[in-house]
Amino acid sequence: MNIERQVNLVRALLALSSIGLAFVFCIMLIALSGKDPGEALFWLFYGGFSPALIPETFIRATPLLFVSLGLAVAFSAKIWNIGAEGQLYIGGVVTATLALHISGAPSPIALPMLILVSGIAGALWALIPAILRAIYGINEVITTLMFNYIAIYFVSYLLNGPLRDPVSLFPETTTISSSLWLPIVVPGTRLHLGVILAFLIMTPIMWFFLKRTALGLKLEILGSGEKTAKYAGIESVRMIIIAMLISGFMAGMAGGVEVLGIQHKMRLEISPPTSPYGYTGIAVALLGYLNPLLIAATSFFLGGIMNGSTTMHRMVGVPVGMAGIIQAFIILFILLGYFLEEKFIHRIIGGLRKVEH
Amino acid sequence: MSIDISGLIFSAISLMTPVLLAGIAELFVERSGILNLGVEGAMLIGAFAAFMGAYYYGDLGFASLIAALSGIAFCTLFAILTVSLALNQMVTGLAMNLLAIGITSYLYRASFGWYVSPIPPHIKETLKPLDLGALSEMSIVGKLIFGHLPHTYFAIILAIFGWWLLSKTDIGLKIRAMGEDPQVADSLGINVNLTRYTLLLAEGAIAGLAGSLLSIGYYNMFLDNMTQGRGYIAIALVILARWNPVLLIAASFLFSMVDALQLRIQALGLTYIPPQLALMLPYLFTIIVLLALGRKVRGPAALARSYKRQR
């Protein structure tokens, strides 16, 4: 076995045991609260992964996938964009507003344009924190977090005020014209074109971008240290801004596609409050080792966990917040995995050296 | 529109307490080279633990104690992951915060039922201001600076003491040295990991206490994610204050003036200022001030860098 395969094997084992350990902790929490963990887990997996519910899992995974593909770009340059949640809200609200204004437009032209605009809106929302970080050296974690609060309060203001559907009881816009809904791909389900866009188009594109282009490589070099990047002649200011713009673009698209494909209007709960897409995407990107193909698989898995925990809540009464706890444990165990991985890989490489001598 | 300025200053002094407490603790930790985003989670855990203590035992002193202890427990976990295992501090902090949100809302529901009623469980008594008798009636100034919670005075004293400790003592020099270059500090015989552990545990206690103010001081109940980014704001204020404890008092006060103004705008129910825009103000203000004053500020050189001790 060559080194790469051994390393990948170790990674896979560590990722699986991270998930396993996260579940063990959650089973303990469920048991502590006096519910039957066996029954709870059955409904968790039934709700997430039973064949009839698979399309719903894909639908849930789609915004997660858009967000985490974008975050993978920023994270591989070690730019910690935590602002995907706000970027998603801005992408969603801009798309819904525009769609309401062009309701008569022919969909083959309008739909691609709307999706593009949602991405641009998200990217623009990421631009200020990007500039603050790249040029002024202000920690992007803090600024992107502040921007999340600002975005959500702003959208909440719009949905309660100027954009509010006057006849609705909830803070939401009017429904957009059905000619601008993303078409359903599998009849009888809600599986829309956005799911295909995420899984079959954006995932390979982002994989190619990160793994096979010079720009992707430059971002990775920047991630290994600004000093290294400087020696390699990489302009870190430009790279940081590019990384943030791409991740904002993808997060904005997550919001736009959710509006056009599922909600058909902008709502305040466009991102589930118990495990918001923007924050859950962080877990997905890390769990997928910033590799778009693994990220697609992870989005599907966590989408299932999110749907399953709603089922678990309905059937057994375990709060939906459990999905959040599972994610937190998964991230922590993955980090531990990184730590162990480094040790294992040193050992593997050390072992091979011995064989050669 | 008339806004009573002295009332505003009074509530700003009161409101700055949690961010100042959390900020001063975070400032020390950052000076030693660790960025603990988990300060947000420690505050939330503190708010929750204090509420539970007060609700079930009815004693606010006991409630404050377990708030501090739970903050310590939370930060101990962070310390193990980032100091001993040298994991990425930002990601660990964020994950710990997700954990704090999940666990508090889960345990809250496990104790009070799965559906949160419109009238959430609440406690009868909240923390009392320090009673200084006649002093607080003396003059306008007396009314402003007396009659706050004991925590407020503790926070200000801690900040001034912190400034002295950091800039005038041997201990402060050692902390600053490891924040610049832990390896050099280590080679000079300073126990980097032990110091960082100590500072992080102290941060846990102080941040837990800061969080308790929300649930048993200003309000008499616990709400999901009730810290609402106050811990992150504390971190932003540390940057604004350029890692100087005395400037941190000023930064916290300035921020809290905006916060107090925001609450006042909401309370007045002005129709031309929507409540969501008022709520946005403190975050917007933080960004604007960071842009104005936080540019090219050089923090501790080793901040947020993982450090593994060479054996």
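Residues numbered from 1 in each chain as written. Chains lettered and ligands numbered in written order. Predicted model: local features only at pLDDT ≥ 70, side-chain atom pairs only at ≥ 80, totals over all residues.

### Structural notes on the overall build of chain B
In terms of regular secondary structure, chain B is built from 12 helices and zero strands. Counted from the first residue to the last, chain B has its helices and strands arranged as α-α-α-α-α-α-α-α-α-α-α-α. Here the C-alpha atoms of chain B give a radius of gyration of 20 Å, agreeing with the 19 Å that 2.2 N^0.38 yields for 311 residues. The buried share among the 311 residues of chain B stands at 50%. For chain B, the share of sequence-separated contacts (at least 6 apart) that also reach a separation of at least 24 residues comes to 78%. (Helix = DSSP H or I, 4+ residues; strand = E, 2+ residues; numbered from the N terminus. Rg over C-alpha atoms; globule rule 2.2 N^0.38 Å. Buried ≥ 20, exposed ≤ 12 C-beta atoms within 10 Å, placed from the backbone. Contact = placed C-beta atoms within 7 Å.)

### With respect to the overall build of chain A
Counting secondary structure elements, chain A contains 13 helices and zero strands. For chain A, the N- to C-terminal ordering of α and β elements is α-α-α-α-α-α-α-α-α-α-α-α-α. In terms of overall dimensions, chain A is globule-like: its C-alpha atoms have a radius of gyration of 21 Å, near the 21 Å expected for 357 residues.

### Looking at the packing of helix H2 (residues 39–57) of chain B against helix H10 (residues 230–240) of chain B
Each pair of packed helices can be described by the angle between their axes along with the distance between the axes. Residues and elements named next belong to chain B. Contact geometry of H2 with H10 gives a least axis separation of 7 Å together with a crossing angle of 140°. By the angle class used here, H2 and H10 are oblique. The hand of the H2/H10 crossing is right-handed. Together, Val39, Glu40 and Met43 of H2 and Arg230, Gly231, Tyr232, Ala234 and Ile235 of H10 make up the contact between the two elements. Partitioned by chemical class, the residues of the contact of H2 with H10 number five nonpolar, one polar and two charged. (Axes fitted to C-alpha atoms, helices over the stretch in contact; angles between N-to-C directions. Parallel < 35°, antiparallel > 145°, perpendicular 65-115°, else oblique. Left-handed = near helix turned anticlockwise from the far one by under 90°. Nonpolar A, V, L, I, M, F, W, Y, C, P; charged D, E, K, R; others polar.)

### Some words on unusual backbone geometry
Residue Lys78 of chain A is not a glycine yet carries a positive backbone phi of 55°. Examined against the element boundaries, Lys78 of chain A turns out to sit in the loop between helix H3 (54–76) and helix H4 (84–101). For Lys78 of chain A, a count of 17 C-beta atoms within 10 Å puts it in the partly exposed group. Even without being glycine, Ala86 of chain B reaches a positive phi, approximately 55°. Note that Ala86 of chain B resides in the loop between helix H3 (60–84) and helix H4 (89–112).

### Observations regarding helix H6 (residues 150–168) of chain B
All names here are of chain B. Helix length check: H6 (19 residues) gives 26 Å between terminal C-alpha atoms against 27 Å at 1.5 Å per residue, within 8%. Among the residues of H6, those classed as buried are His151, Thr152, Ala155, Ile156, Leu158, Ala159, Gly162 and Leu166. For H6, the arc enclosing every buried residue in end-on projection is 155°, short of the 170-degree limit, so these residues lie on one face. Residues of H6 that are exposed and point over 90 degrees away from its buried face: Ile157, Phe161, Trp164 and Lys168. (Expected span 1.5 Å × (residues − 1). Arc of directions from axis to C-beta.)

### What to know about the interface of chain B and chain A
Every contact between the two is made by 39 residues of chain B and, on the other side, 37 residues of chain A. Going through the elements one at a time, H4, H10 and helix H12 (275–293) of chain B are the ones with two or more residues in the side of chain B that touches chain A. Of the residues forming the side of chain B that touches chain A, the biggest block, 14 residues, is contributed by H4 of chain B.

### Quick notes on helix H11 (residues 277–287) of chain A
Residue and element names in this part refer to chain A. Most of H11 is tucked away, with 11 of its 11 residues classed as buried. What H11 keeps buried is the set Tyr277, Gly278, Tyr279, Thr280, Gly281, Ile282, Ala283, Val284, Ala285, Leu286 and Leu287. Of the residues trailing H11, Tyr289 is marked for its positive phi of about 50°.

### Digging into the nonpolar core
Residues Phe66 and Ala243 of chain A together with Leu237 of chain B are the most contacted members of the largest nonpolar core, which totals 219 residues. Sorting elements by how many residues they give to this core places helix H10 (residues 236–263) of chain A first, with 15 residues. Excluding anything up to four places from it in sequence, Leu237 of chain B contacts Val19, Gly23, Leu248, Ala251, Ser252 and Phe255 of chain B. (Core = buried A, V, L, I, M, F, W, Y, C linked by C-beta atoms within 7 Å.)

### A closer look at the environment of Leu21 of chain B
Considering the arrangement of structural elements, one finds Leu21 of chain B in helix H1 (residues 5–31). For the pair formed by Leu21 of chain B and Ile101 of chain B, sequence separation is 80 residues and the distance between their alpha carbons is 21 Å.

### Describing the confidence of the model for chain B
Atomic detail in the predicted coordinates should be set aside for any region of low pLDDT. In the predicted model, chain B carries a mean pLDDT of 89, and 93% of its residues have values of at least 70. We note a pTM of 0.87 for the whole complex and an ipTM of 0.85 for its interfaces. (pLDDT = per-residue confidence, 0-100.)

### Quick look at the packing of H3 of chain A against helix H12 (residues 292–316) of chain A
All names here are of chain A. Relative orientation of the contacting elements H3 and H12 amounts to 135°, with a least axis distance of 7 Å. For the element pair H3 / H12, the angle class is oblique. Remark: the crossing between H3 and H12 carries right-handed chirality. Touching Glu56, Thr57, Phe58, Arg60, Ala61, Leu64, Leu65, Ser68, Leu69 and Ala72 of H3 are Pro292, Ile295, Ala296, Ser299, Phe300, Leu302, Gly303, Gly304, Met306 and Asn307, all from H12. Its residues assigned to classes, the contact of H3 with H12 shows 12 nonpolar, six polar and two charged.

### Description of the environment of Val184 of chain B
For Val184 of chain B, the position within the fold is in helix H8 (residues 182–187). Considering only alpha carbons, one finds Val184 of chain B and Met43 of chain B, 141 residues apart in sequence, at a separation of 33 Å.

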